[in-house]
Amino acid sequence: MTEIESNLGERFAEFVLPDGCVLCGGAVNVRASPAGAHSYCSHCHWLSKPRMRVKDNGVELSFGATATA
């Protein structure tokens with residue numbers, strides 16, 4: 001995990017979850033900040049805003065599902 005501070009003084013962390021994409025199984029790049037998390041799969045190009053919780057032994061990401069019929 002890489003922790004970065006932007007030119008505006010905002011702090012965020014970036015990390016990669018190998019095989020973490022729920023759509024295609026590709027690697028997911030995650031950027032987490034105090035405002036929340038954003039993720040991107042470079043294989044299928046899926047963008048998402050997962051819910052993130054920090055646990056004792058790691059980080060848990062959950063992806064909401066919506067559908068229109």
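Residues numbered from 1 in each chain as written. Predicted model: local features only at pLDDT ≥ 70, side-chain atom pairs only at ≥ 80, totals over all residues. Heavy atoms only, no water.

**Topic: the confidence of the model for the protein**
The share of residues in the protein with pLDDT of 70 or more is 81%, and the mean pLDDT across the chain is 82. Per-element confidence in the protein ranges from a low mean pLDDT of 54 for strand E1 (residues 2-5) to a high of 91 for strand E4 (residues 36-41). (pLDDT = per-residue confidence, 0-100. Helix = DSSP H or I, 4+ residues; strand = E, 2+ residues; numbered from the N terminus.)

**Things to note about the side chain of Ser39**
By the secondary structure assignment, Ser39 is in strand E4. Apart from residues lying up to four places away in sequence, Ser39 is in contact with Val28, Asn29, Val30, Trp46, Leu47, Ser48, Pro50 and Phe63. (Contact = heavy atoms within 4.5 Å.)

**Examining the nonpolar core**
Among the nonpolar cores identified, the biggest contains 7 residues, and these are Phe15, Cys21, Val28, Val30, Ala37, Cys41 and Leu61. Each residue touching Cys41, except ones within four places of it in the same chain, is listed here: Cys21, Cys24, Gly26, Ala27 and Trp46. (Core = buried A, V, L, I, M, F, W, Y, C linked by side-chain atoms within 4.5 Å. Buried < 20%, exposed > 50% of the residue type's maximum accessible area, 1.4 Å probe, protein only.)

**Considerations on the pattern of salt bridges**
As enumerated under the stated definition, the model contains 3 salt bridges in all. When the shortest N-O distance is used, the salt bridge between Arg53 and Glu60 registers 3.1 Å. Here Glu60 falls in the partly exposed class, since its relative accessible area comes to 31%. The shortest N-O distance in the salt bridge between Lys55 and Glu60 comes to 3.3 Å. Bridged by salt links that share partners, the residues Arg53, Lys55 and Glu60 form one connected network. (Salt bridge = Lys/Arg side-chain N within 4 Å of Asp/Glu carboxyl O.)

**Remarks on the environment of His43**
Assignment of secondary structure puts His43 in the loop between E4 and strand E5 (47-48). Its relative accessible area of 59% is what places His43 among the exposed residues. Taking the C-alpha atoms as reference, His43 lies 10.0 Å from Leu23; in sequence the two are 20 residues apart. Contacts of His43, omitting those with residues within four sequence positions, involve Cys24 and Gly26.

**Observations regarding the packing of aromatic side chains**
This structure, assessed with the given rule, holds 1 aromatic pair. For the pair Trp46 and Phe63, a centre-to-centre distance of 5.3 Å together with 45° between the ring planes defines the contact as tilted. Taken as a pair, Trp46 in the loop between E4 and E5 and Phe63 in the segment after strand E7 (58-62) lie far apart in primary sequence, 17 residues in all. In this structure Phe63 comes out as partly exposed when scored by relative accessible area, which is 24%. (Phe/Tyr/Trp six-rings, centres within 6.5 Å; stacked < 30°, edge-to-face > 60°.)

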